[in-house]
Amino acid sequence: MSSLFTSTTFIESSNSQKWIPQFFIDHYKVKAVCFKETLLICLKNEIVTHIGNCCISIESIGPQKHEFLINTKFCINIDDHFGGSKVVCSSTNKFNCLEEKRTEYVYHKGNFHEKTLFMGIQDNNYYIETTETYQHNKSRNCKNLTYPQKIELLSEGTNLLLMRYLTIINYDGTLTFQNIMIDGNVTICQYKCIPVKYMKLYENDIEVYTIERVIENQNGNVESMKTYLTPKGEILEHNWLTTSYILKNKSLENVNPMIEKLRIAIRNNCWTEDMEIFSKYLDKKCNEVTKFIEYLISHLEVKHLIADYTQTLLIVKPLHVVDFTIQYFKAFSIYPESQEFISMRQISKITIPTQERYANICDFYPLCTSCRMASISYN
């Protein structure tokens, strides 16, 4: 293991590569990096075809909010292969991984293949444990990873945290550090960060921050990927250059052809003549009616409320039905508005009885149920 890090240090000095600086997430940037996002997984040659989803969540933890909990879940279904990955990681605000568990699995024709990686700090070293399960066979390996303090090692979870941070500060330059793979091997990872600029992405001209990531394995294989993000750190697209699929933000989703067809039909006032659109309309109408009926059946208080209102309306016979209705249901509001719903000009037009027997009737006589009932009893 020491020879690996010796050769890595030599690469740094010979190629003048820049290792990750001492970044620090202060309390002003904590809220900026903490949010959830859901991405679509699409085939590159069929952008409208979704084959999976990816969820990413970062939240601050600890009494001082100096640590972060990073969760990612990736599910995909392609060519009779159902697979995915899951990462749960805790990190400090200096991008030091405290603990991480990473799982990758593939299920195909009854065969199940799974790999897991666990890493955590133990006696100033990283304790690494990897397991691999294929059908009923399971193997397990453990090792301690030691390295010089000047060389940074980032886990997969802290990589996501770093990407958001670099985007928010609009970092410009190249970073090189070490990354650990699912099999426990350490690789060289390089970030080429391009500041925010306008570019055309899915026929949209938007501000984009770009990170080009290159991972070089111990056997010499190189994996490249590009990530496009908004200035706030939200992923617009993540493209593995060696795979047939990409991650894409929902906001870049193309307009549904059926929705576009419906817009044209409505604009031309001929949607009822289109059998497909009219059929979908009837299906939607039936579903909505069913939802309303189910809601009313399960909430009998709505029926009683409407019955009481109707009975009161027939007894009181208000002059201004709309205003009366507003005042009636306003009493059941959790947050009733302080302002009245009728103007003083409208009130001035209301005829108030002047007989002494109506002395207790308020100025809102036509709207007040109590006063209206009192006037009926006098009559």
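Quick caveat, the model's predicted, so the values are computed rather than measured.

What counts, and at which threshold
Each chain carries its own residue numbering, running from 1 in the written order of its sequence. Totals for whole chains, interfaces and linings use all residues, but because this is a predicted model, local features are given only for residues with pLDDT of at least 70 and pairs of side-chain atoms are given and counted only at 80 or more. With hydrogens and water stripped out, all remaining heavy atoms of the structure feed into the side-chain values. Between the rings of Phe, Tyr and Trp (Trp by its six-membered ring), a pair exists once the centres lie within 6.5 Å; its type follows the angle of the planes, with under 30 degrees stacked, over 60 edge-to-face, and the other angles tilted. Only DSSP runs of H or I with at least four residues qualify as helices, and only runs of E with at least two residues qualify as strands; both kinds are numbered from the N terminus onward. Each residue is assigned to one of three classes by its accessible area relative to the maximum for its type, calculated with a 1.4 Å probe on protein chains only: buried under 20%, partly exposed between the two thresholds, exposed over 50%. A ring has a charge above it when a Lys NZ or an Arg CZ is no more than 6 Å from the ring centre and no more than 35 degrees off the ring normal. All axes are obtained by fitting lines to C-alpha atoms, using only the stretch in contact for helices, and the reported angles, taken between N-to-C directions, cover 0 to 180 degrees. With respect to orientation, any angle under 35 degrees is reported as roughly parallel, any angle over 145 as roughly antiparallel, any angle of 65 to 115 as roughly perpendicular, and every other angle as oblique. The handedness criterion is simple: a crossing whose near helix is rotated anticlockwise from the far helix by less than a right angle is left-handed, and one whose near helix is rotated clockwise is right-handed. In this analysis, two residues are considered to be in contact whenever any of their non-hydrogen atoms come within 4.5 Å of each other.

Trainee: What is the right way to look at the packing of aromatic side chains in this model?
Mentor: Each aromatic ring pair is described using two quantities: the centre-to-centre distance and the angle formed by the ring planes. Counting across every chain of the model gives 13 aromatic pairs. Ring centres 5.3 Å apart and planes at 55° place the aromatic pair Tyr309 and Tyr328 in the tilted group. Placement of the pair is Tyr309 in helix H6 (residues 300-316) and Tyr328 in helix H7 (residues 321-330), with a sequence separation of 19 residues. An identical accessibility class is assigned to Tyr309 and Tyr328; each is buried. Positioned over the ring face of Phe35 is Arg164, at 3.7 Å from the centre of the ring.

Trainee: Mind showing me how you'd approach the packing of H6 against H7 here?
Mentor: For any two helices packed against each other, one specifies the crossing angle of their axes together with the interaxial distance. Viewed as axis vectors pointing N to C, H6 and H7 meet at an angle of 135°, and their least axial separation amounts to 12 Å. With respect to H7, the element H6 is oriented oblique. Two packed elements cross with a definite hand, and for H6 against H7 that hand is right-handed. Contact residues: Leu305, Asp308, Tyr309, Thr312, Leu313 and Val316 in H6; Val321, Phe324, Thr325, Tyr328 and Phe329 in H7.

Trainee: Please clarify how the environment of Val214 should be interpreted in this entry.
Mentor: With respect to the helices, strands and loops of the structure, Val214 is situated in strand S12 (residues 204-216). Through-space distance from the C-alpha of Val214 to that of Lys192 is 8.5 Å; in sequence the pair is 22 residues apart. Setting aside its immediate chain neighbours within four residues, Val214 contacts Ile188, Cys189, Gln190, Val222, Glu223 and Ser224.

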